[in-house]
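Structural overview for review
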Amino acid sequence: MYPYRRKNWRLRALQGVLLGLGAPMGWLLLGSFTGHPALSWLKDQIGVFIYMLLGSVVAFSFFGFRMGSYEDVLRTESMTDALTGLKNVRYFKERISEELSRAKLKRRHLSLLILDLDHFKRVNDKHGHPAGDRLLSSLAALLSANVRAKDMLARVGGEEFAVMLPGASPSTALRMAHRLRRAVKAKVFQVSGKQSLKITVSVGLASSRASRLSRPESYYSAADRALFHAKRLGRNRVEQERLGPPNPSS
Ligand code: GH3
Ligand code: MG
Ligand code: MG
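Owing to the predicted nature of the structure, the values given are computational and were not obtained by experimental measurement.

The rules we used
Residues numbered from 1 in each chain as written. Chains lettered and ligands numbered in written order. Predicted model: local features only at pLDDT ≥ 70, side-chain atom pairs only at ≥ 80, totals over all residues. Heavy atoms only, no water. Axes fitted to C-alpha atoms, helices over the stretch in contact; angles between N-to-C directions. Helix = DSSP H or I, 4+ residues; strand = E, 2+ residues; numbered from the N terminus. Parallel < 35°, antiparallel > 145°, perpendicular 65-115°, else oblique. Left-handed = near helix turned anticlockwise from the far one by under 90°. Nonpolar A, V, L, I, M, F, W, Y, C, P; charged D, E, K, R; others polar. Donors = N, O, S within 2.8 Å, 3.2 Å for Na, K, Ca; no water. Expected span 1.5 Å × (residues − 1). Buried < 20%, exposed > 50% of the residue type's maximum accessible area, 1.4 Å probe, protein only. Arc of directions from axis to C-beta. Contact = heavy atoms within 4.5 Å. Polar contact = N/O pair within 3.5 Å; in protein donor to acceptor, adjacent residues only side chain to side chain. Pairing = 2+ DSSP bridges. Right-handed = clockwise from strand over helix to strand, strands pointing away. Phe/Tyr/Trp six-rings, centres within 6.5 Å; stacked < 30°, edge-to-face > 60°. Lys NZ or Arg CZ within 6 Å of the ring centre and 35° of its normal. Patch = residues over 30% accessible without salt bridge, like charges linked within 9 Å, V, L, I, M, F, W, Y side chains within 5 Å. Areas by Shrake-Rupley, 256 points an atom, 1.4 Å probe, with all protein chains shown as cover. Salt bridge = Lys/Arg side-chain N within 4 Å of Asp/Glu carboxyl O. Lys, Arg positive; Asp, Glu negative; His and termini not counted. Charge placed at Lys NZ, Arg CZ, Asp CG, Glu CD. Core = buried A, V, L, I, M, F, W, Y, C linked by side-chain atoms within 4.5 Å. Near = heavy atom within 4 Å.

With that settled, consider the packing of helix H1 (residues 8–33) against helix H3 (residues 46–78). For any two helices packed against each other, the geometry comes down to the angle between their axes and how far apart the axes lie. At their nearest, the axes of H1 and H3 sit 6 Å apart, and the two run at 155° to each other. The pairing of H1 with H3 is recorded here as roughly antiparallel in orientation. In this structure, H1 meets H3 at a crossing whose hand is right-handed. For the contact of H1 with H3, a count of residues per class yields 18 nonpolar, eight polar and four charged.

Listed as protein donors to the magnesium ion (ligand 2) are Asp116 (OD) and Glu159 (OE); their distances from the metal cover 2.2 Å. Here the magnesium ion (ligand 2) and the magnesium ion (ligand 3) are spaced 3.8 Å apart, with Asp116 acting as a shared donor. One end of the pair, Asp116, is in strand E1 (residues 109–117); the other, Glu159, is in the loop between strand E2 (152–157) and strand E3 (160–166), and 43 residues separate them in sequence.

This brings us to helix H4 (residues 89–106). With 18 residues, H4 should cover 26 Å at 1.5 Å per step; its first-to-last C-alpha distance of 25 Å lies within 8% of that length. Taken residue by residue, H4 has Tyr91, Phe92, Arg95, Ile96, Glu99, Leu100 and Ala103 as its buried positions. An end-on view of H4 places all buried positions within 160° of arc, on one side of the element. The inward-facing, buried residues of H4 contact E1, E2, E3 and helix H8 (216–232). The opening residue of H4 is Asn88, an N-cap whose side-chain oxygen sits 3.2 Å from the backbone nitrogen of Arg90. Count one or two residues on from H4 and you reach Arg107, which has phi positive near 55°.

The subject of this paragraph is the pairing of strand E6 (residues 201–209). The buried fraction of E6 amounts to eight of the nine residues, a majority that puts the element mostly inside the structure. Here E6 pairs with strand E7 (residues 238–241) via four bridges, running parallel. Paired with Val203 across the bridge in E7 is Val238. After leaving E6, the chain enters H8 and then returns to the sheet as E7, a path that is left-handed.

On to the packing of aromatic side chains, then. In this structure the tally under the stated criterion is two aromatic pairs. For the ring pair Trp9 and Phe65, a centre distance of 5.7 Å and an interplane angle of 80° mean the geometry is edge-to-face. On the criterion of sequence distance, the pair formed by Trp9 in helix H1 and Phe65 in helix H3 is long-range, its members being 56 residues apart. Sitting above the plane of the Tyr91 ring, Lys87 keeps its charged end 4.9 Å from the centroid. Seen from the ring of Phe189, Lys187 lies directly overhead, with NZ or CZ sitting 5.9 Å from the centre.

Now for the coordination of the magnesium ion (ligand 3). Donor atoms from the polypeptide that bind the magnesium ion (ligand 3) are Asp116 (OD), Leu117 (O) and Glu159 (OE), placed at 1.9 to 2.2 Å. Between consecutive donor residues of the magnesium ion (ligand 3), the sequence gaps follow D-L-x41-E.

A contiguous patch of positive charge, built from Arg102, Lys106, Arg108 and Lys150, is present on the exposed surface. Tracing the backbone through its elements, the reader meets Arg108 in the loop between H4 and E1.

Turning to the sheet that holds E6, a few remarks are in order. Read from one edge to the other, the open sheet built from five strands follows the order E2-E3-E1-E6-E7, with strand pairing classed as mixed. Taken across any chain shown, the strands that pair with only one partner, and hence form the sheet edges, are E2 and E7. With direction set aside, neighbouring strand axes in the sheet form an average angle of 20°. Helix H7 (residues 170–186) contacts E1, E3, E6 and E7 of the sheet and is inclined by roughly 165° relative to E6.

The next point concerns the nonpolar core. Ranked by size, the top nonpolar core spans 33 residues in total, and within it Leu113, Leu115, Leu135 and Phe161 carry the most contacts. Among the elements of the structure, E1, helix H5 (120–127), helix H6 (129–146), E3, H7, strand E4 (189–192) and E6 are those that each provide at least two residues to this core. If one sorts the elements of this core by residue count, H6 sits on top with seven residues. One finds Met79, Ala103, Ala154 and Ala206 within the second-largest nonpolar core, a separate group that totals 20 residues.

Lining the immediate surroundings of ligand 1 are 16 residues, of which His119, Asn124, Asp133, Arg155 and Arg235 lie closest. A distance of 2.9 Å is found between an oxygen atom of ligand 1 and a side-chain nitrogen or oxygen belonging to Asp116. Leu117 has a polar backbone atom sitting 3.1 Å from an oxygen atom of ligand 1. If ligand 1 stood free it would expose 660 Å²; the protein chains cover 67% of that surface. Mapped onto the shell around ligand 1, the elements with two or more residues apiece are E1, H5 and H6. Here the shell around ligand 1 gets four residues from one element, more than from any other, and that element is H6. Here the shell around ligand 1 is composed, by residue class, of three nonpolar, five polar and eight charged.

What follows is the structure, given as structure tokens:
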């Protein structure tokens, strides 16, 4: 299980239970130091002991639960992009390293797509920044609806998105890239009132079977190079790049 999926509220509640047990146990210990043998003192004071035990276990585990839940919310927020609700670049970088390690073990493919909106600045210039924001949110929903459940979609820059496709061969990844590009091209975005507009996206693709020397950075730079070519060759297109030779010293 990945650490970012761990539920801290469970751990903190359990720690609360342990802490809660500590107080009545300490009370018994204190009793034995002051000349009250634990068992006979316990027999005399069983009501007080049970009251203390339940009270402190409930109180500590409740505070543990609240603290853990708060930590869970903070962790989720720190990995989520506020505008689109997608995962952010920090989460994406963690995940790609983990998926790459997994792919290396199984000698499987890993593919990466980077999508960049074409001439997005013009949208802001013509329709205003809030309209641009709305377009980005709708686009995120559109992309989410078009990736597989096991793929990982994230917003990695202003108008830049990345999709990691674990296990996807170059041909599967290419099909996915074209599917996303076509879906964006076909969509009419409602940006403000009755105003609607269309936009296109360029996609850079990097795909390779993971080897012992594969690095996440080589996937990023290959997908970036491919994106650069897609822009240069006219936009609204998909280009792919081979991964450069891995650098064993890095
Ligand atoms: P290209 O086809 O070469 O990618 O052109 P472009 O205009 O999309 O690229 P450029 O890098 O020149 O501009 C990106 C624009 O994206 C500029 C910036 O204002 C806009 N942008 C970045 N983040 C946000 C955002 O969160 N909201 C809005 N509305 N605009 C954003
Ligand atoms: Mg860009
Ligand atoms: Mg752009």
